[in-house]
Each structure stands twice: as C-alpha cells, then as structure tokens.
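Now for the letters of each chain:
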2 protein chains.
Amino acid sequence: MSAENTFIASLRALAKAPEARGLEDDAAVINLGNQTLVITHDTIVEGVHVRDTDDPADIAWKLIAVNLSDLAAKGARPLGVLVSHMLGEDDDRFVLGLSEVLAHYDVSLLGGDTVGGAGRRVWGCTAIGSAAHCPVPDRRGARPGDAIFVTGVLGKAMLGFKGVRGFEPAYLRPKPLLDEGIALAPHVSAMMDVSDGLLLDAARMARASGTVFDLQRACIPVAAQSRFEDCIRWGDDYQLLFTAPSNAVFPTAATRIGTVSENGTAPLLLDGSPPDASRPLGYQH
Amino acid sequence: MSAENTFIASLRALAKAPEARGLEDDAAVINLGNQTLVITHDTIVEGVHVRDTDDPADIAWKLIAVNLSDLAAKGARPLGVLVSHMLGEDDDRFVLGLSEVLAHYDVSLLGGDTVGGAGRRVWGCTAIGSAAHCPVPDRRGARPGDAIFVTGVLGKAMLGFKGVRGFEPAYLRPKPLLDEGIALAPHVSAMMDVSDGLLLDAARMARASGTVFDLQRACIPVAAQSRFEDCIRWGDDYQLLFTAPSNAVFPTAATRIGTVSENGTAPLLLDGSPPDASRPLGYQH
C-alpha cells in the first residue's frame with residue numbers, strides 16, 4: 001500500500017459517519033432530515049495539479065471547477081464555495097479567474113482563508129451543495145447487468161495539455177457538468193466524475209461496487225482515435241461516468257461504453273481482457 | 001493596504017451573498033430556511049502557523065480546534081469536518097492527533113483530500129455546523145452602551161509558546177469553546193473568537209460594528225501580570241470576545257473588560273487612550 005493509501009485507510013478508520021465517503025472518493029453527504037447536503041474539498045498544488053507556468057486565472061477556474069464537478073457527480077446544486085489562497089504573484093489574475101468561474105456557474109463565494117507562504121503554492125476549495133435527488137448517487141451502486149455510460153468525449157483535456165490547437169481551454173478551463181449531473185441523478189445506479197482517467201475511475205467504481213466493468217473499446221467516445229490509449233487514461237475532462245439499467249432513458253446525452261458484470265478476478269475488462277498491466281490506468285496523484 | 005488586504009478586498013467585491021462574511025472574518029452563514037448552517041475554512045502553513053518542530057499530532061489537533069473555534073464563535077454545533085493533508089513524515093502522528101481531537105469533541109470526519117507536495121507543508125480544514133441560535137452572532141453587532149466581555153484568561157498559549165512549564169498544552173492543544181459559544185449566542189450582540197490577540201480582535205470587532213471599544217486594563221484577565229502587554233496581544237487562546245447589554249446575565253463565566261461607545265477617531269481605547277502605536281496590536285498573518 002502506498003503512503004497515501006495507508007494514510008487514507010487510517011482516516012477511513014477514523015471516520016465515524018457511515019456516509020464518510022469523502023475521503024478521496026466521493027463528496028461527503030450530510031443528511032439534515034428535510035434536506036441533504038453534499039460537501040467536498042479539493043486541494044491544488046503548484047507543480048502537481050497545475051503547472052508552474054499556468055496563469056493564476058486558469059488555476060482559479062480549475063480550482064473551483066474540479067470541486068463543482070464533485071457536486072455534479074452527486075446531482076447537487078451548489079450553495080457556495082470557500083476558497084483558501086496562498087498569497088503570491090499575480091493575485092489579481094487569480095481574482096479575475098475566480099470572478100469568471102463564479103459568474104459562469106452563478107455560484108456564491110461564501111468565505112475562505114488567505115495565508116502567506118513560500119515555495120510551491122497551494123490552493124484549496126470547499127464546495128457545498130444541496131442534493132437535487134435522494135438517494136444521492138455514489139460509486140458503490142453499480143449492479144451486474146447495468147449498462148455503463150459516459151457523457152461527452154474523452155481526451156480533450158489531454159490534447160489541450162499537449163498543446164494541440166483549439167483544445168487548450170478543455171485543459172485549462174474544465175466545465176463541470178452541473179446541469180447534467182442533476183438531470184441524471186434520478187436515473188443512475190452509480191455515478192462519479194472522470195477526473196483521473198476513464199480506465200482508472202471505471203476500475204474504482206467497479207471495485208467500490210464489488211463488480212466488474214467490461215468496457216468496449218469501439219464504443220468509447222474519444223477526441224482523437226490516433227491517441228485512443230491516452231484518451232482513455234487521461235483525466236481532467238470531468239465527464240460523468242455512470243451506470244444504469246440497460247433500458248433506462250436519460251434526459252441528457254451519453255454514450256453506452258460497456259456492461260457491469262458479476263465480481264471476477266479483475267475489476268476492469270477492455271473487450272473482455274484486463275488492460276495492459278504495464279501501463280498505468282490513469283493519473284495517480 | 002497590504003497585498004493580503006488588497007486581495008481580500010477583491011474577494012469581498014466578488015462575494016455576492018450579503019452573508020459572505022467568511023472572508024478572513026467570521027465563518028460563513030448559509031440560511032436553508034428551517035436550518036442555518038455555519039461553514040468555515042482555515043489553512044495552516046508549516047513555519048507560519050505551526051513550528052517546523054511541532055509534533056504532527058499537535059498540528060492535527062490545532063487544525064481542527066481552530067476551525068471548531070470559528071463554529072463556537074457562531075454558537076454552532078459541529079456537523080463534521082473535512083481535512084486536507086499534505087503527505088509527509090510522521091503521518092501516523094497526524095492521524096493520532098486527528099483521532100484525539102475528533103473523539104474529544106465528538107466530531108465526524110466527513111471527508112477531505114490528500115495531496116503530495118514538497119517544501120513547507122500545508123493543511124486545511126473545513127468545519128460545518130448547525131447554528132443553535134438565530135440570528136447567528138457576528139462581529140458587527142456591538143452597540144454603544146453594550147458591555148464587552150471575554151471568557152477565560154488570556155496569555156496561556158503565549159506562555160506555552162515561550163516554554164513556561166505547564167502551559168505547553170494551552171499553545172499546542174487549544175480548546176475551542178463550543179458549549180460556551182452555544183450557551184452565549186442568544187445573549188450577545190456580537191461575538192468572535194480571540195485568535196490573533198485581544199487588542200487586535202477587539203479593534204476588528206469595534207471597526208466592524210462602527211463603534212469604539214474602551215477597554216480597562218485592570219479588568220482584563222491575564223495568565224501573567226508580569227507579561228500583561230504580551231498577554232493582551234498574543235493570540236492562540238481561542239477565548240470568546242463578546243458584547244451584550246450591560247445588565248445581561250450569562251449562562252457561562254466571563255469577565256467584563258470594557259464598554260462600547262460611539263464611533264470616534266480610534267476603534268480601540270485602553271483606559272481611555274489609543275494603545276501604544278509603536279507596538280502591533282496582535283498577530284497579523
């Protein structure tokens with residue numbers, strides 16, 4: 001087990017609430033009786049999650065967007081965000097990007113914290129939302145026989161990161177699928193956002209559900225067939241991965257990419273075989 | 001204006017919600033109709049808020065405690081916390097301290113995030129609570145004629161930091177006054193926790209309320225009279241500072257330390273005169 005996994009396992013043991021799924025996995029769910037809240041926190045580290053050369057305006061956008069994406073995967077409407085910012089150069093650019101993303105998604109800045117610091121900068125965002133549908137979807141609900149779906153097209157962010165013209169915004173300014181998540185929530189058996197790569201996140205969902213995800217390569221919608229293997233392993237697209245009964249009808253566009261089957265030896269199959277073990281399934285950070 | 005203040009002013013301009021007081025000041029308040037939530041986020045930086053040599057168990061305690069103290073100042077009952085942790089050495093000590101503080105205050109770990117990193121470590125905590133009393137107290141409500149009170153004794157954390165025997169726990173393991181905050185909330189006109197020093201925080205409350213706080217030195221309870229000036233300028237005690245009508249009766253012990261008066265030239269007076277301008281009022285970070 002990696003140091004991170006050991007640490008997270010320790011945290012999990014600490015988490016008293018059965019709904020404490022927010023440890024690296026899903027956002028946390030708080031049931032208030034007449035209302036269900038979803039709360040999530042993500043930290044972004046310079047040089048790890050964003051490049052040292054990235055415009056702080058784009059960093060601010062991404063910081064908020066990745067947290068809103070966690071709400072989207074829960075079918076939650078944002079109530080607001082709190083931002084933690086380490087002061088540094090180009091803080092005005094950070095404020096600009098923050099204003100743009102908040103305005104775009106009509107999200108309130110509720111509060112936060114600023115700290116001084118040196119070296120690599122770190123930013124944090126907490127997003128809180130109200131679940132539009134209960135039970136709130138999570139990654140544990142996939143059942144054998146369910147179909148597996150993904151929204152949109154995978155690999156645009158990868159192409160943007162690689163500098164392919166026209167795709168930069170997909171990497172720098174991801175678009176959380178809030179409306180889609182809310183629309184899908186009543187129809188899905190499991191849902192999560194694809195942040196670390198389709199294969200890795202599909203394997204995680206399969207494992208959390210105690211099932212096998214059998215994906216069909218030919219069905220997976222990618223931005224560049226010539227870079228198919230990268231497209232299905234690269235995160236940052238923030239599309240929604242979900243499962244549902246195979247006869248389900250959805251209010252939002254999605255592509256069927258496979259079928260859930262009974263637990264087996266590997267959580268993930270590609271055209272019936274486990275993926276190439278010599279290559280990471282996605283972005284492990 | 002400092003870079004930090006300029007940045008915060010920009011954030012404030014962004015904050016659409018009138019209750020967006022959570023930007024460095026009070027925790028944010030979210031009104032859900034039948035329930036009012038309080039949410040706060042604090043970031044701790046190694047070498048800034050904690051010493052490089054501090055035991056990660058104590059860092060974990062402090063991280064949670066300072067956020068719970070923000071809830072205490074709002075009279076809010078904790079619903080849970082999310083923790084952001086940068087992986088490093090002695091993560092098992094961090095987990096131990098976290099388990100201790102969560103058990104001590106019977107608080108749920110709802111979720112969080114772990115990140116890799118190098119250099120100075122950074123930790124974040126988001127605490128969410130349910131307000132026990134509405135309107136939720138903040139720092140803006142002090143009125144001329146109100147009396148000014150503080151709980152407990154100031155300066156213990158300072159003595160602990162300076163290595164005075166027996167006071168180390170006051171610095172390393174601050175105790176948020178959750179029960180006291182809930183008990184006081186219905187009785188106060190304004191309330192905040194003293195995190196950055198009595199004089200600085202009193203000046204902030206006076207300014208936020210558009211009043212003058214006239215404190216009487218002889219009334220201020222300190223841990224060491226010989227270090228009186230340090231005791232009233234040093235934070236980390238997390239006592240509650242509040243104002244209330246002078247005839248109010250409280251369910252919890254507190255000391256009257258002064259009187260609120262009409263707006264004047266300086267927000268703060270000590271025995272009728274502005275404090276020595278050559279010395280900082282408290283801890284500015």
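Residues numbered from 1 in each chain as written. Chains lettered and ligands numbered in written order. Predicted model: local features only at pLDDT ≥ 70, side-chain atom pairs only at ≥ 80, totals over all residues. Heavy atoms only, no water.

A. Quick peek at the overall build of chain A. Helices and strands together make up the secondary structure of chain A, namely eight helices and twelve strands. Taking all 285 residues of chain A together, 59% fall into the buried category. As displayed, chain A has an accessible area near 10700 Å², and 50% of this comes from carbon and sulfur atoms. (Helix = DSSP H or I, 4+ residues; strand = E, 2+ residues; numbered from the N terminus. Buried < 20%, exposed > 50% of the residue type's maximum accessible area, 1.4 Å probe, protein only. Areas by Shrake-Rupley, 256 points an atom, 1.4 Å probe, with all protein chains shown as cover.)

B. Main features of the UniProt feature "binding site: Mg(2+) 5" (unreviewed entry) in chain A. Residues and elements named next belong to chain A. Using the residue numbers shown here, the UniProt feature "binding site: Mg(2+) 5" (unreviewed entry) corresponds to Asp196. Here Asp196 lies in the loop between strand 8 (190-194) and helix 7 (198-209). Relative accessible area serves as the criterion here: at 8%, Asp196 is assigned to the buried category. (UniProt positions renumbered as here; feature names shortened; annotations may be inferred.)

C. Structural context of the sheet that holds strand 9 (residues 212-215) of chain A. Residues and elements named next belong to chain A. Reading across from one edge, 8-10-7-11-9-12 is the order of the six strands in this open sheet, with mixed pairing throughout. Of all the strands in the sheet, just strand 8 and strand 12 (268-270) have a single pairing partner and so form its edges. Strand-to-strand, the axes of this sheet are offset by a mean angle of 25°, without reference to chain direction. Pairing of strand 7 (residues 147-150) with strand 11 (residues 255-261) involves four bridges; the strand directions are antiparallel. Counterpart to Val150 in the pairing with strand 11 is Thr255. (Pairing = 2+ DSSP bridges. Axes fitted to C-alpha atoms, helices over the stretch in contact; angles between N-to-C directions.)

D. Region of interest: the packing of aromatic side chains. Residues and elements named next belong to chain A. Under the definition given, this model contains 14 aromatic pairs over all chains. With a centroid separation of 5.2 Å and 15° between ring planes, the pair formed by Phe149 and Phe242 is classed as stacked. Of this pair, Phe149 sits in strand 7 while Phe242 sits in strand 10 (residues 239-244), and the two are 93 residues apart along the sequence. Looking at Phe149, the relative accessible area reads 7%, which means it is buried. (Phe/Tyr/Trp six-rings, centres within 6.5 Å; stacked < 30°, edge-to-face > 60°.)

E. Summary view of the pairing of strand 9 of chain A. Residues and elements named next belong to chain A. Because side chains alternate across strand 9, one face comprises the buried residues Val212 and Asp214, and the other comprises Phe213 and Leu215, equally buried. Pairing analysis gives four bridges linking strand 9 to strand 11, with the strands arranged antiparallel. Bridge pairing in strand 11 places Phe213 opposite Val260. Of the strand pairs in this sheet, strand 9 and strand 12 are connected by three bridges, and their pairing is parallel. Paired with Asp214 across the two strands is Leu269, which belongs to strand 12.

F. Fine view of the sheet that holds strand 8 (residues 190-194) of chain B. All names here are of chain B. Across the sheet, six strands lie side by side as 8-10-7-11-9-12; this open sheet has mixed pairing. In the strand order of this sheet, the two ends are held by strand 8 and strand 12 (268-270), each with one partner. With strand direction ignored, the average angle separating the axes of adjacent strands in the sheet is 25°.

G. Expanded view of the packing of helix 2 (residues 56-72) of chain B against helix 3 (residues 91-105) of chain B. All names here are of chain B. The contact between helix 2 and helix 3 brings their axes to 6 Å, and the two run at 35°. The interaxial crossing formed by helix 2 with helix 3 has right-handed handedness. Two secondary-structure elements touch here, helix 2 through Pro56, Ala57, Ala60, Trp61, Leu63, Ile64 and Leu68 and helix 3 through Arg93, Phe94, Gly97, Leu98, Glu100, Val101, Leu102, His104 and Tyr105. For the contact of helix 2 with helix 3, the per-class residue count stands at twelve nonpolar, two polar and two charged. (Left-handed = near helix turned anticlockwise from the far one by under 90°. Contact = heavy atoms within 4.5 Å. Nonpolar A, V, L, I, M, F, W, Y, C, P; charged D, E, K, R; others polar.)

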